[in-house]
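Examination of the molecular architecture
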Amino acid sequence: MIRQILIVGGASGIGLAAAVEMAGRDSVEKVYVVDKAPFPPQYRNDKIESYCFDLTSSDYSFFDTFLSVDALFITAGFGKLALFKDVTEQYVIDSFQVNTIPVMRLIKIFYGRLEARSDFYCGVMVSIAGFMSSPFFAVYGATKAALKVFIESVNVELAKAGTTNRILNVSPGSIKGTGFSQGKNDLSLTIPLANQILEHLEQKDDLFIPQYEEVFKAVLQRYHDDFRAEGSHSYDYKLNSGRV
């Protein structure tokens, strides 16, 4: 049972939905939110304690303060639909410095909790884009593919170490109701998914792909069968969706 949770990236999107949901549970004592942006005042709660922190910082000693929590949920990240030729070199650097490297650094800080015999719950928002080629998302997909392999590898190490704790890879497709791609936060759309994620987190699952049976099982199979053809299909789909 989760009593104290640290949500990194909890000022918007799924992180915000998870923070609001956890704060509403009687069993939860404290919800710590760390984000570059301030926590929205309309969602403040006595149980929520928020901090501003830039994940591109070279000094992560700030997170030593939270080593007593029993759950870590990392949701920070950004991306935009654009052809690789149209993004800047700085965008490439920033993408890895926000989407990928902080996750590895945070897992390193909390690794002792993960490897312990006592319960520790850990989840990371990755993306279905990390499982396949994703034109218009080449950089974003690469940052998430790195996380996918990292999480899978570390989970094997945890299993071999004899602990039941695992890192949950949450890999959705496009999510409505978030600030991703210049959208707006809408908790009525994000809380149902946040609840599903928290359920998998508490079960110590290692992978959750929302809408897997309905959508992504077939997509992943097509990609496995012919990654070139599925990549071309993905390109055309994004072009015709009006999102580009």
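To be clear, the structure that these remarks concern was listed above.
Below you will find a few notes about this structure. (Residues numbered from 1 in each chain as written. Predicted model: local features only at pLDDT ≥ 70, side-chain atom pairs only at ≥ 80, totals over all residues. Heavy atoms only, no water.)

Focus: the pairing of strand β6 (residues 167-170)
Along β6, one buried face is formed by Ile167 and Asn169 and the opposite face, lined by Leu168 and Val170, is buried too. Of the strand pairs in this sheet, strand β5 (residues 121-125) and β6 are connected by four bridges, and their pairing is parallel. Looking across to β6, one finds that Val124 is bridged to Asn169. Handedness of the crossover is the feature at issue here: the chain leaves β5, passes through helix α5 (residues 138-161), returns alongside β6, and the resulting connection is right-handed. Here two bridges tie β6 to strand β7 (residues 207-208), and the two strands are oriented parallel to one another. Within β7, the residue paired with Val170 across the bridge is Phe208. (Buried < 20%, exposed > 50% of the residue type's maximum accessible area, 1.4 Å probe, protein only. Helix = DSSP H or I, 4+ residues; strand = E, 2+ residues; numbered from the N terminus. Pairing = 2+ DSSP bridges. Right-handed = clockwise from strand over helix to strand, strands pointing away.)

A look at the pattern of salt bridges
The final tally for this structure, using the stated rule, is seven salt bridges. For Asp119, the salt bridge goes to Lys204, with nearest N and O atoms at 2.6 Å. Taken together, the residues span a long stretch of sequence, with Asp119 in the loop between α4 (111-115) and β5 and Lys204 in the loop between α6 (187-202) and β7 at a distance of 85 residues. Several salt bridges share partner residues, and in doing so they unite Glu21, Arg25 and Glu202 into one network. (Salt bridge = Lys/Arg side-chain N within 4 Å of Asp/Glu carboxyl O.)

Examining helix α1 (residues 13-23)
The element α1 is extensively covered by neighbouring structure, given that nine of its 11 residues are classed as buried. Of the residues making up α1, those classed as buried are Gly13, Ile14, Gly15, Leu16, Ala17, Ala18, Ala19, Met22 and Ala23. On the buried face of α1, the contacting elements are β1 (4-8), β2 (30-35), β3 (48-52), β4 (71-74), β5 and α6. (Contact = heavy atoms within 4.5 Å.)

Some points on the environment of Phe216
As for its placement among the helices and strands, Phe216 is situated in helix α7 (residues 212-225). According to the relative accessible area criterion, Phe216 is buried, its value standing at 12%. With 169 residues separating them in the primary sequence, Phe216 and Lys47 have C-alpha atoms 36 Å apart. For Phe216, the residues in contact, after removing those within four places along its chain, are Ile128, Gly173, Ile209, Pro210 and Gln211.

A closer look at unusual backbone geometry
Non-glycine residue Phe136 carries a positive phi angle of around 75°. Along the chain, Phe136 turns up in the loop between β5 and α5. One non-glycine residue, Gln211, adopts positive backbone phi at about 60°. As for its placement among the helices and strands, Gln211 is situated in the loop between β7 and α7.

Notes on the pairing of β4
Burial along β4 is two-sided: the residues Ala71 and Phe73 and Leu72 and Ile74 are all buried. With four bridges connecting them, β1 and β4 associate as parallel partners. Pairing of Leu6 across the sheet is with Leu72, part of β4. By the bridge criterion, four bridges tie β4 to β5 in an arrangement that is parallel. Counted as the bridge partner of Leu72 is Cys122 from β5.

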